[in-house]
Amino acid sequence: MTVAVLVPAAGRGERLGPGAPKALRELAGETLLVHAVRGLRGAPSVGPIVVAAPPSEVGQVEQLLAAYDVTVVRGGPERQDSVRLALAVLGPDVDLVLVHDAARALTPPAVVEAVVAALRAGADAVVPVLPVTDTVKRVDGDRVRVTVDRSDLRVAQTPQGFRREVLAAAHAQAGPAATDDAALVERLGLTVDTVPGSEEAFKVTRPFDLLMAEAVLRGRD
Ligand code: C5P
């Protein structure tokens with residue numbers, strides 16, 4: 001079965017502060033996007049990779065990724081649009097599709113392989129997750145309403161994996177924007193399975209996350 005990966009990388013990264021689009025920020029001398037794609041190429045199951053780049057940086061992204069055999073498309077205004085635009089260029093031979101945030105630049109290849117293995121075992125949709133370690137409060141403004149039982153809460157990561165027709169149906173339906181692809185599949189009433197995620201698959205969102213990413217890379221050296 002051919003496994004493709006779509007990499008939404010078109011976000012501005014405003015929570016990181018002023019500067020280049022997030023996927024093009026540097027971490028230890030290379031962009032987050034190059035780190036992310038290199039990690040994907042380290043996973044033996046991965047075939048075609050399609051990157052949704054910021055519309056104004058398509059040429060630069062093609063150059064950056066010239067060594068990694070990827071297709072680059074223009075991203076859209078929302079993450080969901082970027083995924084849909086990348087999905088649209090997949091060849092007919094692709095059976096399984098993973099969607100992986102460029103911002104999860106240090107995701108270990110073992111997580112990618114675990115997602116693919118669950119799909120090969122028959123799952124329609126698979127999400128890597130971690131338990132919630134903090135106590136979680138639901139609030140109303142700055143007042144606590146209730147403490148949420150965290151025992152059945154999980155934090156969702158990427159890559160999220162799907163049978164191709166499931167992801168296509170999920171993105172074809174109308175509805176409000178979702179923050180991940182699995183949420184669109186849930187709306188179809190289909191089952192989404194989980195596999196263990198990794199702390200190293202965290203999403204680089206705020207300046208502190210870049211410090212943490214540097215520490216992870218130093219630890220790997
Ligand atoms: O904004 P957030 O951190 O949730 O973005 C997750 C991923 O989606 C990032 O890799 C970002 O580049 C990507 N994205 C995109 N197109 C957008 C917005 C976000 O590809 N319009």
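Just above sits the structure.
The shown structure was predicted, so the numbers you read here are calculated from the model rather than taken from an experiment.

(A) Quick peek at the environment of Gly141. As for its position among the elements, Gly141 is in the loop between β8 (136-140) and β9 (143-148). Look at Gly141 and you get exposed, because its relative accessible area is 64%.

(B) Structural view of the side chain of Gln157. Assignment of secondary structure puts Gln157 in the loop between β10 (154-156) and β11 (160-163). Of the residues examined, Gln157 reaches a relative accessible area of 4% and is grouped as buried. Among the polar contacts made by the side chain of Gln157, one reaches the main-chain carbonyl oxygen of Ser198 at a distance of 2.8 Å. Setting aside residues no more than four positions away along its own chain, Gln157 makes contact with Arg104, Val127, Pro128, Leu130, Gly197, Ser198, Ala201 and Phe202.

(C) Just the site of the ligand, in detail. Neighbouring the ligand are 15 residues; Pro8, Ala10, Gly11, Gly76 and Ser82 lie closest to it. Contacts to the ligand include Arg15, whose side-chain N or O atom sits 3.3 Å from an oxygen atom. Here a nitrogen atom of the ligand sits 3.4 Å away from a polar atom, N or O, in the main chain of Glu78. Starting from 460 Å² of accessible surface for the ligand in isolation, the protein chains cover 85%. Here the shell around the ligand is built from residues that sort into six nonpolar, three polar and six charged.

(D) A look at a nonpolar patch on the surface. Together, Phe208, Leu211 and Met212 make up a nonpolar patch on the protein surface, roughly 310 Å² of accessible area in all. Assignment of secondary structure puts Leu211 in helix α7 (residues 207-220).

(E) Here's a closer look at the packing of helix α3 (residues 79-87) against helix α5 (residues 164-172). It is at 11 Å that the axes of α3 and α5 come closest, and there the two elements cross at 130°. It follows from the interaxial angle that α3 and α5 lie oblique. Pair α3 / α5 crosses with left-handed handedness. Of the residues in α5, those in contact with Gln80, Val83, Arg84 and Leu87 of α3 are Leu167, Ala168 and His171. For the contact of α3 with α5, a count of residues per class yields four nonpolar, two polar and one charged.

(F) Quick look at the pattern of salt bridges. Enumeration according to the criterion identifies seven salt bridges in this entry. Close ionic contact of Arg84 with Asp81 constitutes a salt bridge, the shortest N to O distance being 2.7 Å. Taken together, the residues span about one helical turn, with Arg84 and Asp81 both in helix α3 at a distance of three residues. Judged by relative accessible area, which is 39%, Arg84 ranks as partly exposed. Across the pair Arg104 and Asp101 runs a salt bridge whose closest N-O atoms are separated by 3.4 Å. Residue classification places Asp101 among the buried residues on the basis of a relative accessible area of 10%. Connected via shared salt-bridge partners are Arg79, Asp101, Arg104 and Asp181.

What counts as what
Residues numbered from 1 in each chain as written. Predicted model: local features only at pLDDT ≥ 70, side-chain atom pairs only at ≥ 80, totals over all residues. Heavy atoms only, no water. Helix = DSSP H or I, 4+ residues; strand = E, 2+ residues; numbered from the N terminus. Buried < 20%, exposed > 50% of the residue type's maximum accessible area, 1.4 Å probe, protein only. Polar contact = N/O pair within 3.5 Å; in protein donor to acceptor, adjacent residues only side chain to side chain. Contact = heavy atoms within 4.5 Å. Near = heavy atom within 4 Å. Areas by Shrake-Rupley, 256 points an atom, 1.4 Å probe, with all protein chains shown as cover. Nonpolar A, V, L, I, M, F, W, Y, C, P; charged D, E, K, R; others polar. Patch = residues over 30% accessible without salt bridge, like charges linked within 9 Å, V, L, I, M, F, W, Y side chains within 5 Å. Salt bridge = Lys/Arg side-chain N within 4 Å of Asp/Glu carboxyl O. Axes fitted to C-alpha atoms, helices over the stretch in contact; angles between N-to-C directions. Parallel < 35°, antiparallel > 145°, perpendicular 65-115°, else oblique. Left-handed = near helix turned anticlockwise from the far one by under 90°.

Don't take any of this as a statement about function, it's just geometry.
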